[in-house]
Amino acid sequence: MASPNQARLDLAALRHNLALARRLAPRSQAMAVIKANAYGHGMLTVAQALDPLVDAMAVACLEEALALRASGVVAPILLLEGVFEPGELVAAAQQDLWVTIHDERQLQWLEGASLARPLRCWLKLDTGMHRLGVTPGRAGEFYRRLRACPNARGDIVLSTHFACADEPGSELTRSQLALFDTACRGLAGERSAANSAAVLAWPDSHYDWIRPGYMLYGNSPLPGEHPGARGLRPVMTLASAVIAVRDVAPGETVGYGAAWTATRPSRIATVCIGYGDGYPRLAPNGTPVLVNGRRAGLAGRVSMDMITLDVTELPRVEPGDEVILWGEGLPVGEVAAHAGTIGYELTTRMPARTPRVVVQP
Ligand SMILES: *Cc1c(COP(=O)(O)O)cnc(C)c1O
């Protein structure tokens, strides 16, 4: 029998989550962020499902954008970090990509280029994230140079990015919004600021373009329950199966480093998925896992190809029984919190070894 490991993809959920984002920001255009292989879900699969539904897509680099164009995606595509060297502008123009301009160097490349047609530019302002972007005091100067540049289209977008939109009531987000408004004053053009957290929790940030990523995949970046996030449906469900079951006596240990010790007569189920399949090695004892739809806890260290679960409290568990590591019924963010990371990282790190299987087209 083939390996039971699958990252199951529900594309109906993907479309549902996009519709939810649009309902939350009804006056904004929607740019789907599908960088990093669509957060591990499979960029081309996701892009083909979203192409007719979104106003644009966003990726991190030219290579990702070219792969999208090669697969037939026609939606506008924004390079979120712009180009990394001037030669990429030529390819961007040929493939009709949109580019971020976040600093003097990129603007000079654009001013000095010879392009087949002008590019739509997203002028990125640094309002407090301090990672990329033009300082707000120079927004007007950059804007005017873009306006004067024959390689830039006239319809410049002003954008910024939040550091703490996932923190309800964050002072920094408030300050970023105020700085953005001030910096954009008097500059004609569309504006964009909202990532998923801001789409869900900061309606003042929606402007003309929202840029959701994580929420499209059905996950909430916000802590706890949030009314906006309640309707999200997970796109990826990571599934495996039990391949062995055994009884372990009190005092016996399980797995590498003997990191789990039975304190009672225990039943241990071994599942054929490990860190080589995208399950986080740092997930500790007790991390929740679904076996036949019921919660069990990790017992012992995560191996490369296997994990072990304490199923003592569950009704009879047998080899072949279905195991869900995250997804439907178990949010990836909850598993990630046990492992000291975020759901973004777990889905994005999913290796090619684990097949993506579209179960809901
Ligand atoms: C990745 C990214 C997003 C999407 O963020 P989510 O938290 O996944 O919604 C939006 N904007 C920029 C600039 C990004 O880099």
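Residues numbered from 1 in each chain as written. Predicted model: local features only at pLDDT ≥ 70, side-chain atom pairs only at ≥ 80, totals over all residues. Heavy atoms only, no water.

**Observations regarding the overall build of the chain**
Here is step 1 of the chain: Check the secondary structure of the chain and you find eleven helices and 18 strands.
Here is step 2 of the chain: For the C-alpha atoms alone, the extent of the chain along its principal axes is close to 75 × 45 × 35 Å.
Here is step 3 of the chain: With 361 residues in all, the chain has 54% of them scored as buried.
Here is step 4 of the chain: In the chain, 65% of the contacts between residues at least 6 apart in sequence involve partners at least 24 apart.
Here is step 5 of the chain: For the chain, the exposed area adds up to about 15300 Å²; of that, 52% sits on carbon and sulfur atoms.
Here is step 6 of the chain: Mean positive and mean negative side-chain charge positions of the chain (34 and 35 charges, respectively) differ by 2 Å. (Helix = DSSP H or I, 4+ residues; strand = E, 2+ residues; numbered from the N terminus. Buried < 20%, exposed > 50% of the residue type's maximum accessible area, 1.4 Å probe, protein only. Contact = heavy atoms within 4.5 Å. Areas by Shrake-Rupley, 256 points an atom, 1.4 Å probe, with all protein chains shown as cover. Lys, Arg positive; Asp, Glu negative; His and termini not counted. Charge placed at Lys NZ, Arg CZ, Asp CG, Glu CD.)

**Regarding the packing of helix α3 (residues 43–50) against helix α4 (residues 62–70)**
Here is step 1 of the chain: It is the contact of α3 with α4, at a shortest axis distance of 10 Å, that shows an interaxial angle of 55°. Classified by the interaxial angle, the pair formed by α3 and α4 is oblique. For the element pair α3 and α4, the recorded crossing hand is right-handed. Of α4, the residues touching α3 (which contributes M43, L44 and A47) are E64, A67 and L68.
Here is step 2 of the chain: When its residues are assigned to classes, the contact of α3 with α4 shows five nonpolar, no polar and one charged. (Axes fitted to C-alpha atoms, helices over the stretch in contact; angles between N-to-C directions. Parallel < 35°, antiparallel > 145°, perpendicular 65-115°, else oblique. Left-handed = near helix turned anticlockwise from the far one by under 90°. Nonpolar A, V, L, I, M, F, W, Y, C, P; charged D, E, K, R; others polar.)

**So, the pairing of strand β8 (residues 190–194)**
Here is step 1 of the chain: Judged by how many residues are buried, β8 sits mostly within the fold: four of five residues are covered.
Here is step 2 of the chain: The pairing of strand β7 (residues 157–159) with β8 spans three bridges and is parallel. From the neighbouring strand, L158 faces β8, where its bridge partner is R191.
Here is step 3 of the chain: In the classification by handedness, the crossover that spans β7, the intervening helix α8 (residues 171–184) and the parallel β8 is right-handed.
Here is step 4 of the chain: Of the pairings in the sheet, the one linking β8 to strand β9 (residues 209–210) comprises two bridges and is parallel in character. (Pairing = 2+ DSSP bridges. Right-handed = clockwise from strand over helix to strand, strands pointing away.)

**Points about the side chain of N5**
Here is step 1 of the chain: By the secondary structure assignment, N5 is in the segment before β1 (6–10).
Here is step 2 of the chain: Of the polar contacts made by the side chain of N5, one reaches the side chain of S240; its length is 2.6 Å.
Here is step 3 of the chain: Among the polar contacts made by the side chain of N5, one reaches the main-chain carbonyl oxygen of C272 at a distance of 2.8 Å.
Here is step 4 of the chain: The contacts of N5, once residues within four sequence positions are left out, are A239, S240, C272, I273, D277 and P355. (Polar contact = N/O pair within 3.5 Å; in protein donor to acceptor, adjacent residues only side chain to side chain.)

**Here we look at the site of the ligand**
Here is step 1 of the chain: Near the ligand lie 13 residues; those nearest to it are K35, Y39, S196, Y214 and Y344.
Here is step 2 of the chain: The separation between an oxygen atom of the ligand and a polar side-chain atom of Y39 is 2.5 Å.
Here is step 3 of the chain: At 2.6 Å from an oxygen atom of the ligand is found a side-chain nitrogen or oxygen belonging to Y344.
Here is step 4 of the chain: With the chains in place, 91% of the 390 Å² that the ligand exposes on its own is no longer accessible.
Here is step 5 of the chain: Across the shell around the ligand, the residue classes tally to six nonpolar, four polar and three charged. (Near = heavy atom within 4 Å.)

**Description of the sheet that holds strand β6 (residues 121–124)**
Here is step 1 of the chain: Here we have eight strands rolled up into a closed barrel, ordered β2-β3-β4-β5-β6-β7-β8-β9, and parallel in their pairing.
Here is step 2 of the chain: Against the sheet, α4 touches β3 (56–59) and β4 (77–79), its axis set at about 165° to β4.
Here is step 3 of the chain: Lying over the sheet, helix α7 (residues 139–148) contacts β5 (98–101), β6 and β7, oriented at roughly 165° with respect to β6.

**Let's talk about unusual backbone geometry**
Here is step 1 of the chain: Phi is positive for A36, close to 50°, though the residue is something other than glycine.
Here is step 2 of the chain: The class of A36 is partly exposed, set by a relative accessible area of 33%.

**Quick look at the nonpolar core**
Here is step 1 of the chain: Counting residues in hydrophobic clusters, the biggest one holds 120 residues, and the most contacted among them are I34, L110, L123, Y279 and W326.
Here is step 2 of the chain: No other element matches helix α1 (residues 11–24), which puts six residues into this core.
Here is step 3 of the chain: If we ignore the near neighbours within four places in the chain, the residues touching L123 are I101, V134, A139, F142, Y143, L146, I156, V157, L158 and S159.
Here is step 4 of the chain: One finds V248, V254, W260 and A299 within the second-largest nonpolar core, a separate group that totals six residues. (Core = buried A, V, L, I, M, F, W, Y, C linked by side-chain atoms within 4.5 Å.)

**Quick notes on the packing of aromatic side chains**
Here is step 1 of the chain: Going through the model one piece at a time under the given rule, you end up with eight aromatic pairs.
Here is step 2 of the chain: Between the aromatic rings of F180 and Y207, the centroid separation amounts to 5.3 Å while the plane-to-plane angle is 80°, which identifies the pairing as edge-to-face. A residue pair is termed long-range when its members are at least 10 positions apart, and F180 in helix α8 and Y207 in the loop between α9 (196–201) and β9 qualify at 27 residues.
Here is step 3 of the chain: Under the relative-accessibility criterion, F180 is labelled buried at 0%.
Here is step 4 of the chain: Ring geometry for Y214 and Y344: centres 3.8 Å apart, planes at 10°, overall stacked. Here Y344 lies in helix α11 (residues 343–348) and Y214 lies in the loop between β9 and β10 (236–248), a separation of 130 residues in the sequence.
Here is step 5 of the chain: Classification of Y214 by relative accessible area gives buried; the value is 4%.
Here is step 6 of the chain: Here the aromatic cluster, defined as three or more aromatic residues joined through ring pairs, consists of Y39, Y214, Y217 and Y344.
Here is step 7 of the chain: The ring of W98 has R120 lying over it, and the distance from NZ or CZ to the ring centre is 4.9 Å.
Here is step 8 of the chain: Positioned over the ring face of F142 is R145, at 5.8 Å from the centre of the ring. (Phe/Tyr/Trp six-rings, centres within 6.5 Å; stacked < 30°, edge-to-face > 60°. Lys NZ or Arg CZ within 6 Å of the ring centre and 35° of its normal.)

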